[in-house]
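# Analysis of the macromolecular model
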Amino acid sequence: PALKTAGEPGANTPGAVLRGQKEGLAFCVGPSRILKLRPALKVIKQGRSGKKLPADSSAVLTDLQAEKGIFAELLPPPGTAVRVISELSREAKFPEGYSPDLEDIFVFHVRLKLPETADLPTEVQRTERLREDVRRLATALQQEYASAAPARARAAGLKIVDGTLTLRAQVPEGEPDPIRAVEYFIDGVMVAAKDTPPYIYRWNTKNSEEGEHVIEIRAMNRSVQPITRVRSLVVVQNNPPVAPPQPHPP
């Protein structure tokens, strides 16, 4: 995630893309302040020691490949409206003095040009064709991203899970504001709440799609206010690809 915004004198329209390129985007979040969205591989470089150097602190690094999706066919042009989703769980304008947070989600409202072909005489038909093209492209990108999740997980040392995963909350004793309940979330959706120990939830990963999922556990006090929470990214792989049989030597 980006740690701070960057100064940009030409950024005078908060909530709009300043420039869009295949190598990355820059969007304005406040007067003369921008964030950058980039493919991770384009900004992580090797130092003399062979170690990866930290990227630009104002850049949000993605796992999306360069020249694909938002960096290619769906590239948001300058002026595209950008909104943020934060703790309020809804789209909103960037507040005054905005600084990036780990869980913020950025939404780009892109207006694409309708196709102009002889077999689509009406605007309704052209709109439906564009909608179908975008849906097909997004589905292909999603499948490609999900299929590469196990390789990304192994490279980053993340956990690959299958079957039933037991989630357990260890609640400390003797706290001045004791924990009264524990809530479990999968990808932002609450799947269980426990108000008596042991605080255990068994997640059947076979009911979830293959690929990345975010697990979140929240601890609540007697006033049903969150005291603390822990989030973890895991990769579900219940159906690993079968390696093709190797030919036997003659």
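The preceding data block contains the structure.
Overview of the structure. (Residues numbered from 1 in each chain as written. Predicted model: local features only at pLDDT ≥ 70, side-chain atom pairs only at ≥ 80, totals over all residues. Heavy atoms only, no water.)

### Quick look at helix H3 (residues 149-156)
- Looking only at H3, the buried set comprises Ala149, Pro150 and Ala153. Each buried residue of H3 lies within a common arc of 95° when the element is viewed along its axis, so the set occupies one face.
- Those residues of H3 hidden inside the fold are in contact with helix H2 (123-147), strand E9 (159-161), strand E14 (211-220) and strand E15 (226-236).
- Positive phi appears at Gly157, one or two residues downstream of H3, with a value of about 75°. (Buried < 20%, exposed > 50% of the residue type's maximum accessible area, 1.4 Å probe, protein only. Helix = DSSP H or I, 4+ residues; strand = E, 2+ residues; numbered from the N terminus. Arc of directions from axis to C-beta. Contact = heavy atoms within 4.5 Å.)

### Brief notes about unusual backbone geometry
- A cis amide bond links Pro197 with the next residue in sequence, Pro198, at an omega value of 0°.
- Within the secondary structure, Pro198 sits in the loop between strand E12 (189-194) and strand E13 (199-204).
- Within the chain, Ser32 stands out as a residue other than glycine whose phi angle is a positive 60°.
- With respect to the helices and strands, Ser32 occurs in the loop between strand E3 (24-30) and strand E4 (33-39).
- Overall, Ser32 belongs to the partly exposed group, its relative accessible area being 32%.

### Describing the packing of aromatic side chains
- Under the definition given, this model contains six aromatic pairs.
- With centroids separated by 5.1 Å and ring planes inclined at 70°, the aromatic side chains of Phe94 and Tyr98 adopt a geometry described as edge-to-face.
- Residue classification places Phe94 among the buried positions, given a relative accessible area of 11%.
- Taking NZ or CZ as reference, Arg152 lies 3.7 Å from the ring centre of Tyr145, over its face.
- The positively charged end of Arg218 is found above the aromatic ring belonging to Phe185, 4.1 Å away from the centroid. (Phe/Tyr/Trp six-rings, centres within 6.5 Å; stacked < 30°, edge-to-face > 60°. Lys NZ or Arg CZ within 6 Å of the ring centre and 35° of its normal.)

### Observations concerning the nonpolar core
- Counting 17 residues, the largest nonpolar core has Val182, Tyr184, Trp203 and Ile215 as its most contacted members.
- For this core, the elements supplying multiple residues, two or more each, are strand E10 (164-169), strand E11 (181-186), E13, E14 and E15.
- With residues up to four places along the chain from it excluded, the contact list for Val182 reads Ala169, Val171, Ala192, Ala193, Lys194, Tyr199, Ile217 and Arg218. (Core = buried A, V, L, I, M, F, W, Y, C linked by side-chain atoms within 4.5 Å.)

### Brief notes about the pattern of salt bridges
- Counted by the stated rule, this structure contains 11 salt bridges.
- For Glu8, the salt bridge is made with Arg19, and the minimal N-O distance between the two is 3.2 Å. Here Glu8 is found in the loop between strand E1 (6-7) and strand E2 (16-21), whereas its partner Arg19 is found in strand E2, with 11 residues between them in sequence.
- Look at Arg19 and you get partly exposed, because its relative accessible area is 32%.
- For Arg229, the salt bridge identified is with Glu216, shortest N-O distance 3.3 Å. Of this pair, Arg229 sits in strand E15 while Glu216 sits in strand E14, placing them 13 residues apart in sequence.
- A residue is classified by how much of its surface remains accessible, and Arg229, at 32% relative accessible area, is partly exposed.
- When its relative accessible area of 6% is taken as the criterion, Glu216 is described as buried.
- Put simply, Glu132, Asp133, Arg135 and Arg136 are held in one network by salt bridges that share partners. (Salt bridge = Lys/Arg side-chain N within 4 Å of Asp/Glu carboxyl O.)

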